[in-house]
2 protein chains.
Amino acid sequence: GSFEAEATVAQRQITLTKPQGSLGRLEEIAGWLARWQSRDMPKLDRVKTIIFAGNHGVTTQGVSAYPAEVTVQMVKNFANGGAAINQLARISNAELEVIPLDLDQPTADFTQAPAMSEAEFLAAINTGYEAVDKNLDLICLGEMGIGNTTPAAALAAALFGSDDVQNWTGRGTGVDDAGLKRKIAAIEAGLARHKAALGNPLQIAACLGGRELAAILGATLAARHHGVPVLLDGFVCTAAIAPLARLHQQGLAHVLAAHVSAEPGHHRLLEALELKPLLDLGMRLGEGSGACLAVNLVRSALECHVRMASFDEAGVSES
Amino acid sequence: GSFEAEATVAQRQITLTKPQGSLGRLEEIAGWLARWQSRDMPKLDRVKTIIFAGNHGVTTQGVSAYPAEVTVQMVKNFANGGAAINQLARISNAELEVIPLDLDQPTADFTQAPAMSEAEFLAAINTGYEAVDKNLDLICLGEMGIGNTTPAAALAAALFGSDDVQNWTGRGTGVDDAGLKRKIAAIEAGLARHKAALGNPLQIAACLGGRELAAILGATLAARHHGVPVLLDGFVCTAAIAPLARLHQQGLAHVLAAHVSAEPGHHRLLEALELKPLLDLGMRLGEGSGACLAVNLVRSALECHVRMASFDEAGVSES
């Protein structure tokens, strides 16, 4: 990233016809784009949303309100343009790509074994890494995977406090009370089984995560390498990249949290990661929906930055 | 409004390919549009932002960081496309109209006399009322007027608690500590002078408000009459229409608060009015900027509602 580009943006912001700081976080967003694109005048010509999809062995523990075949069915729905993300991508002028990861081969049930072998984990990371085109100006990362708030909560607990699993665990797509109990029990069992891995953020992701989560981590690494700012979706995506924050203090500096979801663990996880969400609309859908919804805020920030007149140009008196 | 149209939207939402309620406030927005447009399938073909501009006699008390001539200068900036709202209106595909109200004739200094005579007040309300085209599908209301967070805070205090003026009063465009003290003193003086008016919400608006605030009140009435949902901007706009809530318990039911601004009185006023803002981005610019920024959220809600596939259509299993 370029601190110089960010400073250039701040210098220009001061000259624009508005009280200083009065565009609030829109001003911060303009600086963030500049820093990670390393451009004094950022652009948003190519914005893309990628949804990674995976299936989860832990669904056999009865942790989701939906049957596992819904993952494949929703991937078809994405292809046919019928899902929420299709509408949100269209109106935010973002390309949309869906990348299924071995949907016919769920991860192992993490209460019994590591979710992924090292080879499987690295393959998924690599798929995510390779999916990021270096010419993008902004990327939204999203996911689809029935049962995947269970690995997400397991990751969050393993990384930031495994003593209170119930506080990381919510109802996901809408599991009932009995299902919520089974979900908490499965996560506790997973944490106990993989105790030896809990000191290593990447081993945590391999043992307790999922293929789509690993791909999101890989894509986030690639985005950093290529200078592509990242808009982060909800709880699952945040848990997926949380290991990067544990590996490096600035590991998520190129990531902006698009929203905080209604899944209760998300608020807590964002606080632990010191990420401040742009939107708080009670959404809990995944698919990159929250990230894509925030694209227009980023576009708005950029348009104001690029196209507003200065006090001099407009002949407006300063304070 | 049509509760039937809102109920029809809720019925359709249940069938769409997402866990029930998972689009959060986007689902509520779709129902709100339907209710106030009285359409089972709402539309957003014509969205408009109107900025009302006025000048304020109370600026002679030294309550603003900017000189009063900036109101006229900014109106020119709007005409030339150089302000933040020009960029935000363009990318939200909203028409933009700016309506100056007697800028060469500021209101009276309310510490000395009523800001407006009854005739002036009614003329301003009428200008706002007539500005609303009945064929609009959504309207964003905004304002420009150097010094107008002072009448806004005065209105809020007069309507919802005049014992703690300091809690309604912020720095507006960025007044310094001494200016903030003068601002509080001016509001307290105005409240004392117009004590006899404080029982009547419309007299409060005439004595302590301003022309652009009265026009916003009039436009909000017209929008209700014509079935045009309203996106409300920041502190000044909210204070402008607060009298309607005091006149009728459902007086603001067709209004959605687009954002909560950084002006501290705004959060408090929205709470008093039981309006829950969509955005909280630390903005404090006015011009309808927060309202216009939320247009895309409303468009997103509508697109998801209208164009998502149902579980049946997509062949997705339900929970």
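Residues numbered from 1 in each chain as written. Chains lettered and ligands numbered in written order. Predicted model: local features only at pLDDT ≥ 70, side-chain atom pairs only at ≥ 80, totals over all residues. Heavy atoms only, no water.

Our working definition: UniProt positions are given in the numbering used here, feature names are shortened, and annotations may be inferred rather than shown by experiment.
In the annotation of an unreviewed UniProt entry, chain A is listed under the name Nicotinate-nucleotide--dimethylbenzimidazole phosphoribosyltransferase and assigned to Aquamicrobium segne. Annotation of chain A in UniProt includes, under Function (unreviewed entry), the sentence "Catalyzes the synthesis of alpha-ribazole-5'-phosphate from nicotinate mononucleotide (NAMN) and 5,6-dimethylbenzimidazole (DMB)."

**Thoughts on the nonpolar core**
So the rule is basically this: In this description, a nonpolar core means a group of buried Ala, Val, Leu, Ile, Met, Phe, Trp, Tyr and Cys residues linked to one another through side-chain atoms lying within 4.5 Å. Think of it in three bands: residues with accessible area under 20% of the maximum for their type are buried, residues over 50% are exposed, and the middle band is partly exposed, with areas taken using a 1.4 Å probe on protein chains only. The contact criterion used is simple: two residues touch if any of their non-hydrogen atoms lie within 4.5 Å.
Formed by 96 residues in total, the largest nonpolar core has its most connected members in A:Leu231, A:Leu278, A:Leu279, B:Leu231, B:Leu278 and B:Leu279. If near-sequence neighbours (up to four positions away) are discounted, B:Leu278 is found in contact with A:Leu281, B:Arg25, B:Ile29, B:Leu231, B:Leu256, B:Ala257, B:Ala258, B:His259, B:Ala294 and B:Leu297.

**Comments concerning the pattern of salt bridges**
Residue and element names in this part refer to chain A. Heads up, the rule is: Salt bridge, as used here: a side-chain nitrogen of Lys or Arg that lies within 4 Å of a carboxyl oxygen of Asp or Glu. Runs of H or I in DSSP of at least four residues are treated as helices and runs of E of at least two as strands, each being numbered from the N terminus.
Tallied over the entire structure, the rule returns 28 salt bridges over all chains. Asp164 is paired through a salt bridge with Arg268; the nearest N and O atoms lie 2.5 Å apart. In this pair, Asp164 is assigned in the loop between helix H6 (149–160) and helix H7 (165–168) and Arg268 in helix H12 (residues 264–273), connecting sequence segments 104 residues apart. Using a relative accessible area of 16% as the deciding quantity, one classes Asp164 as buried. Accessibility expressed as a relative area gives 29% for Arg268, which makes it partly exposed. A salt bridge links Glu263 to Lys183; the shortest N-O distance between them is 4.0 Å. You can see Glu263 sitting in the loop between strand S5 (255–257) and H12 and its partner Lys183 sitting in helix H8 (residues 177–193), a full 80 residues away along the chain. Accessibility assignment for this pair places Glu263 and Lys183 in one class, buried.

**Let's talk about the packing of helix H11 (residues 235–247) of chain A against H12(A)**
All names here are of chain A. Definition in use: An axis is simply a line fitted to the C-alpha atoms; with a helix, the fit covers only the stretch in contact. Between two such axes, the angle follows the N-to-C directions and lies from 0 to 180 degrees. For classification purposes, angles smaller than 35 degrees are called roughly parallel, those larger than 145 roughly antiparallel, those between 65 and 115 roughly perpendicular, and all remaining angles oblique. Helix crossings get a hand from a simple test, with the near helix turned counterclockwise from the far one by less than a right angle marking a left-handed crossing and a clockwise turn marking a right-handed one. Note on residue categories: nonpolar means Ala, Val, Leu, Ile, Met, Phe, Trp, Tyr, Cys or Pro, charged means Asp, Glu, Lys or Arg, and polar means any other residue, Gly included.
Where H11 contacts H12, the two axes come as close as 10 Å, and the packing angle between them is 25 degrees. Between H11 and H12, the crossing angle belongs to the class labelled roughly parallel. Handedness of the crossing formed by H11 with H12: left-handed. Judged by residue contacts, Phe235, Thr238, Ala239, Ala242 and Ala245 of H11 engage Gly265, His266, Leu269, Leu270 and Leu273 from H12. A class-by-class count of the residues in the contact of H11 with H12 yields seven nonpolar, three polar and no charged.

**Remarks on helix H8 (residues 177–193) of chain B**
Residue and element names in this part refer to chain B. Using the following cut-off: Here, expected helix span is obtained from the residue count minus one, scaled by 1.5 Å. Here the arc refers to the directions that run from the helix axis out to each C-beta atom.
For H8, with 17 residues, the first-to-last C-alpha span of 24 Å sits near the 24 Å given by 1.5 Å per residue. By the burial criterion, the buried members of H8 are Gly179, Leu180, Lys183, Ile184, Ala186, Ile187, Gly190 and Leu191. Buried positions in H8, seen along its axis, are confined to an arc of 160 degrees and lie on one side of it. For H8, the exposed residues set more than 90 degrees away from the buried face come down to Asp177, Lys181 and Ala192.

**As for the relation of the copies chain A and chain B**
This is how the line gets drawn: Least squares is the method for superposing the copies, and the C-alpha atoms it fits come from residues with pLDDT of at least 70 in both.
Under the fitted operation, chain A is carried onto chain B by 0.0 Å of movement along the axis and a turn of 180 degrees, and the coordinates agree to an RMSD of 0.0 Å. Here the symmetry operator amounts to a two-fold rotation axis. Most of the interface of chain A is mirrored in chain B, where 100% of its interface residues again form contacts.

**A look at the UniProt feature "active site" (unreviewed entry) in chain A**
Applicable threshold: We define a polar contact as two N or O atoms separated by no more than 3.5 Å, with the added condition that, inside protein, one atom must be a possible hydrogen donor and the other a possible acceptor, whereas residues neighbouring each other in sequence contribute only through side-chain atom pairs.
Residues annotated by UniProt as "active site" (unreviewed entry) correspond here to A:Glu287. Beyond its immediate chain neighbours, meaning those up to four positions away, A:Glu287 contacts A:Ile51, A:Met74, A:Phe78, A:Ala83, A:Ala84, A:Ile85, A:Gly142, A:Glu143, A:Asp233 and B:Thr17. Here A:Ile85 takes part through its backbone nitrogen, which lies 3.2 Å from a polar atom of the side chain of A:Glu287.

**A closer look at the sheet that holds strand S1 (residues 47–53) of chain A**
Sheet strands pair via backbone hydrogen bonds, and the direction of the pair is either parallel or antiparallel. Residues and elements named next belong to chain A. Using the following cut-off: The rule for pairing is simple: two strands pair if DSSP sees at least two bridges between them.
Pairing is parallel across the open sheet formed by five strands, whose spatial order is S2-S1-S3-S4-S5. Where the open sheet ends on each side, the last strands, each with one partner, are strand S2 (95–100) and S5. Within the sheet, the average angular offset between the axes of one strand and its neighbour, ignoring direction, is 25 degrees. Across six bridges, S1 lies against S2 in parallel orientation. Each bridged residue has a counterpart across the sheet, and for Thr49 the counterpart in S2 is Leu96. With respect to the sheet, helix H2 (residues 25–37) is in contact with strand S3 (138–144), strand S4 (230–232) and S5, its orientation differing from that of S5 by roughly 155 degrees.

**So, the sheet that holds strand S2 (residues 95–100) of chain B**
Residues and elements named next belong to chain B. Ordered in space as S2-S1-S3-S4-S5, the five strands form an open sheet in which the pairing is parallel. The open sheet has two free edges, formed respectively by S2 and strand S5 (255–257), since each of these has just one partner strand. The average angle at which neighbouring strand axes cross in this sheet is 25 degrees, direction not considered. Note: strand S4 (residues 230–232) against S5, three bridges, orientation parallel. Residue pairing in the sheet places Leu232 in a bridge with Ala257 of S5.

**Points about unusual backbone geometry**
Residues and elements named next belong to chain A. We note that Glu274 has phi near 55 degrees; this positive angle belongs to a residue other than glycine. Relative to the elements of secondary structure, Glu274 occurs in the loop between H12 and helix H13 (289–293). Under the relative-accessibility criterion, Glu274 is labelled exposed at 73%.

**Details of the interface of chain A and chain B**
The condition that has to hold: Each of two parts loses accessible area, computed with a 1.4 Å probe, when they are put together; buried area is these two losses added.
The partner chain B presents 52 residues to the 52 residues of chain A that form the contact. For the pair chain A and chain B, the summed buried surface comes to about 4300 Å²; carbon and sulfur atoms form 63% of the total. By the criterion of area lost to chain B, the three top residues of chain A are A:Tyr66, A:Ile91 and A:Leu281, representing 13% of everything that side buries. Taken together, chain A and chain B are joined by two salt bridges. Counting across the chain A and chain B interface gives 16 residue pairs in polar contact (both at pLDDT 80 or more). The residue makeup of the side of chain A that touches chain B, split by class, is 25 nonpolar, 17 polar and 10 charged.

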